[in-house]
Amino acid sequence: MSTAAVVILLVLLIPMLGILAWMVIAASVIKVPAGALGLVLKNGRATDHSLTPGRHWVPLLRKTMVVEYPSVEMAYRAGEDASSAVSELDRTGPSLSCALGDRALADVAYTVRYAIIPERLRTVHERFGPQGVHGLVRDESGRAISRALSDPDVTVDALFGRARSDTETRLAEAVTAALEEHGIRVAGFVLGPVDLGRTGEVIQATVRAGFELALEEAEAATRIAQAQNDGRLAEEITTAREDAWRYRETDLWRDLVQRSDGVQVGRRRPGYGPGRLGLTVREDTPVDPSATADQPASTEPQ
């Protein structure tokens, strides 16, 4: 081979080798976006090599691919509609129906904030995959909460007052232990409203009864004074004194304020005495427009 042929061969071969090397290097540089974790798969099998957000060098020696998982915190909210989810990182579901230690039925709402442990990413991928993480959190958290609430020490009283904080801490510990076994780290747990059904209605009725009794005791003095005034008014009403009718008019106005729905008030001509208290009351009743359209307007004074 002549020198000219060798030179021509090198001129053609060197750029081709450079382009091939650049392609291999470009394919070996993998960029993981912010808020994600990358799991390296070689020949379709997961490895222990997890990638944090940024650029990484992964030699392209075998068929290699990267599966992305969220690295930020995600949330599961039980007791909310699916339409309330603000992003793909937040999932919602129905309230958890369970029985307490005293056999009272309850619908529990709660929120779990969690994230994937990077060192356990391979386990999460092999067992659940990218689409199964939310289902795992939903099932395992519900199971842990049901077991914790079914303890005989947990009764209806444990959901109110200072005992509620202890119950919330107890449930958080149970959920944390259950999810860590599967490679999920719990960042926060919040116990939401608990619907006790008929039991809750009884509790609310008992609470209202105490306040209603206090209200009756507070109004007792007022009612006694009103009864005494009504007794004196019965003696004065035969004299048709103006002060007596003024007192009764004040009571009527007070009653109107308390039941103002569907009530119209019209003013009479000045004057006092039976039938002329200075006001008239008429309650609204449904009127058929077609029935009244053909009737002449009444000229009778109100």
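Residues numbered from 1 in each chain as written. Predicted model: local features only at pLDDT ≥ 70, side-chain atom pairs only at ≥ 80, totals over all residues. Heavy atoms only, no water.

Under the 1.5 Å per step criterion, the end-to-end length of helix H3 (residues 133–149) is 24 Å for 17 residues, consistent within 8% with the ideal 24 Å. Judged by how many residues are buried, H3 sits mostly within the fold: 12 of 17 residues are covered. Burial in H3 covers these residues: Val133, His134, Gly135, Leu136, Val137, Glu140, Ser141, Gly142, Ala144, Ile145, Ala148 and Leu149. (Helix = DSSP H or I, 4+ residues; strand = E, 2+ residues; numbered from the N terminus. Expected span 1.5 Å × (residues − 1). Buried < 20%, exposed > 50% of the residue type's maximum accessible area, 1.4 Å probe, protein only.)

Averaged over every residue, the pLDDT of the protein is 77; the share at 70 or more is 72%. Per-residue pLDDT stays below 50 along residues 272–284; that stretch engages in 36 contacts with residues further than four places along the chain or on separate chains. Contacts of residues 296–302 to residues separated by more than four positions or lying in other chains number 1 contact, the stretch itself having pLDDT below 50. (pLDDT = per-residue confidence, 0-100. Contact = heavy atoms within 4.5 Å.)

Let us look at the packing of aromatic side chains. Applying the stated criterion across every chain, the model contains 2 aromatic pairs. Connected via pairs of aromatic rings, a cluster forms that spans Tyr76, Tyr110 and Phe189. (Phe/Tyr/Trp six-rings, centres within 6.5 Å; stacked < 30°, edge-to-face > 60°.)

Moving on, we get to the pairing of strand E8 (residues 96–99). Side-chain direction in a regular strand flips from residue to residue, so the side chains alternate between the two faces of the sheet. With burial as the criterion, only one face of E8 is covered, namely that bearing Leu96 and Cys98; the residues Ser97 and Ala99 on the opposite face remain uncovered. Bridge analysis of E8 against strand E9 (residues 105–116) gives 4 bridges, and the strand direction is antiparallel. Looking across to E9, one finds that Ala99 is bridged to Leu105. Hairpin connection between E8 and E9: a loop of 5 residues separates the two successive antiparallel strands, and Arg103 in this loop has a positive phi of roughly 75°. (Pairing = 2+ DSSP bridges.)

Moving on: the environment of Met65. Turning to its location among the elements, Met65 is positioned in strand E5 (residues 64–70). In this structure the C-alpha to C-alpha distance between Met65 and Asn43, which are 22 residues apart in sequence, comes to 8.3 Å. Residues in contact with Met65, not counting those within four places in the same chain, are Leu39, Val40 and Leu41.

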